[in-house]
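Chain residues, written in single-letter form:
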Amino acid sequence: MPLIPGFAPIPHVELILLLSKFALVILTNEHNISQVHSSCDTRIQRVQGTYTHCPHIIKRRRALTLAGNRGRKVKWCFDEAGVFLHPQADCEQGQARYTEIWSIKQCRNELAHGRVLFVDRDKNAACNIRRIGIQYMLTDGAPNHRPNALVRPPHENERN
């Protein structure tokens, strides 16, 4: 495990030994677990989102509520002189930009689901790790216990 400057190393070996006293611990690689949908074994696609890029100076200030107390922080547009213009959400000079929404992916296998399905990337990966663990226990630890969609191709197993 690489040592990151400024951070103490994680005592992962001791943690594994401690957990193994109370439960079965299965170590597995993470090949394809966040890239394959857990229920249909189809590669999941990225989701594009839009946001408005405003050319003004943006500052976060608390918006007052009708009761007069401090509300949540809102982004406001200011000009170069520091004069308040308007909330960023109301900016007419903003331009739409596209970005990938990292935590949400989509499965386009409409034959399996009947529609395009949006999934959380981390929850889908957790389901795939659970599938690997269940297959490991059902096959009594057979070397080829992983589901086919999560198996590393043979040329990737070879190291130079």
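### Some remarks on the overall build of the protein
Move 1: Regarding its fold elements, the protein presents four helices and six strands.
Move 2: Mapped from its N terminus to its C terminus, the protein presents α and β elements in the order α-β-β-β-β-β-α-β-α-α.
Move 3: The 160 residues of the protein split such that 24% are buried.
Move 4: Of all intrachain contacts in the protein linking residues separated by at least 6 positions in sequence, the fraction that spans at least 24 positions is 51%.
Move 5: Surface summary for the protein: the accessible area is close to 12600 Å², and the carbon and sulfur share equals 55%.

### Things to note about the pattern of salt bridges
Move 1: All chains considered together, the criterion is met by four salt bridges.
Move 2: K105 serves as the salt-bridge partner of E100, at 2.8 Å between the closest nitrogen and oxygen.
Move 3: The class for K105 is buried, based on a relative accessible area of 8%.
Move 4: The partner of D122 in a salt bridge is R121, and the shortest N-O contact between them spans 3.6 Å.
Move 5: Residues joined in a network through salt bridges with shared partners are R46, E100 and K105.

### Quick look at a positive patch on the surface
Move 1: A cluster of basic residues, K59, R60, R61, R62, K73 and K75, forms a positive patch on the protein surface.
Move 2: Those elements giving two or more residues to the positive patch turn out to be β2 (57-64) and β3 (70-78).
Move 3: A per-element tally of the positive patch places β2 first, with four residues.
Move 4: Tracing the backbone through its elements, the reader meets K59 in strand β2.

### Quick word on helix α3 (residues 121-138)
Move 1: Taking 1.5 Å per residue as the helical rise, α3 with its 18 residues ought to reach 26 Å, and the 26 Å between its terminal C-alpha atoms agrees with that figure.
Move 2: Residues R121, N124, A125, N128, R131, I132 and G133 constitute the buried set of α3.
Move 3: Structurally, α3 contributes buried residues whose contacts are with β5 (95-107) and β6 (117-120).
Move 4: Of the residues flanking the start of α3, the one acting as N-cap is D120, its side-chain oxygen 3.1 Å from the backbone nitrogen of D122.

### Examining a nonpolar patch on the surface
Move 1: Taken together, L15, L19, V25 and L27 make up a surface patch of nonpolar side chains, about 370 Å² in accessible area.
Move 2: Checked against the element boundaries, V25 lands in the loop between α1 (12-20) and β1 (45-53).

### Details of the nonpolar core
Move 1: Core analysis: the biggest nonpolar cluster contains six residues, these being I33, V36, A125, I132, A149 and L150.
Move 2: L150 has contacts with H31, N32, I33, V36, N128, R131 and I132, leaving out every residue within four places of it along the chain.
Move 3: If you look at the next biggest cluster of nonpolar residues, it comprises five residues, including I44, C107, L117 and V119.

### Details of the sheet that holds β6
Move 1: Judged by pairing direction, the sheet is antiparallel, and its three strands sit side by side in the order β1-β5-β6 without closing on themselves. Two strands in the sheet have a free side with no partner beyond their single neighbour: β1 and β6. The average angle at which neighbouring strand axes cross in this sheet is 55 degrees, direction not considered.
Move 2: As paired elements, β1 and β5 share nine bridges and run antiparallel to each other. Looking at β5, one finds that G49 is bridged to T99.
Move 3: Contacting β5 and β6, α3 crosses the sheet at an angle of about 80 degrees to β6.

### Focus on the pairing of β5
Move 1: Across four bridges, the pairing between β5 and β6 is antiparallel. Within β6, the position partnered with C107 by the bridge is L117.

Conventions we followed
Note that residues are indexed from 1 along each chain, following the sequence as it is written. Whole-chain, interface and lining totals are the exception, using all residues; otherwise, since this is a predicted model, local features are given only for residues with pLDDT of at least 70 and side-chain atom pairs are given and counted only at 80 or more. Values reported for side chains reflect all heavy atoms of the structure, with hydrogen atoms and water molecules removed beforehand. Secondary structure elements are taken from DSSP: a helix is a run of H or I of four residues or more, a strand is a run of E of two residues or more, and numbering for both begins at the N terminus. Exposure classes here rest on a 1.4 Å probe applied to the protein chains alone. A residue is buried below 20% of its type maximum, exposed above 50%, and partly exposed in between. Two residues qualify as a contact provided that any one of their heavy atoms is within 4.5 Å of a heavy atom in the partner residue. Here the open area of atoms and residues is found with the Shrake-Rupley method and a 1.4 Å probe, where only the protein chains shown may cover a residue. Think of a salt bridge as a Lys or Arg side-chain nitrogen and an Asp or Glu carboxyl oxygen that are within 4 Å of each other. Patch membership requires over 30% relative accessible area and the absence of a salt bridge. Like charges are linked within 9 Å, and nonpolar side chains (Val, Leu, Ile, Met, Phe, Trp, Tyr) within 5 Å. Residues scored as charged are limited to Lys and Arg (positive) and Asp and Glu (negative), so that His and the chain ends carry no count. By convention, the charge on Lys lies at NZ, on Arg at CZ, on Asp at CG and on Glu at CD. How far a helix is expected to stretch is found by multiplying one less than its residue total by 1.5 Å. Counted as a polar contact is a pair of N or O atoms within 3.5 Å, where, for protein atoms, one must be capable of donating a hydrogen and the other of accepting one, and residues adjacent in sequence contribute only when both atoms are in side chains. Throughout this description, the term nonpolar core refers to a set of buried Ala, Val, Leu, Ile, Met, Phe, Trp, Tyr and Cys residues connected via side-chain atoms within 4.5 Å. Note: two strands are recorded as paired if DSSP finds a minimum of 2 bridges between them. Note on geometry: axes are C-alpha line fits, over the in-contact stretch for helices, and angles between N-to-C directions span 0 to 180 degrees.

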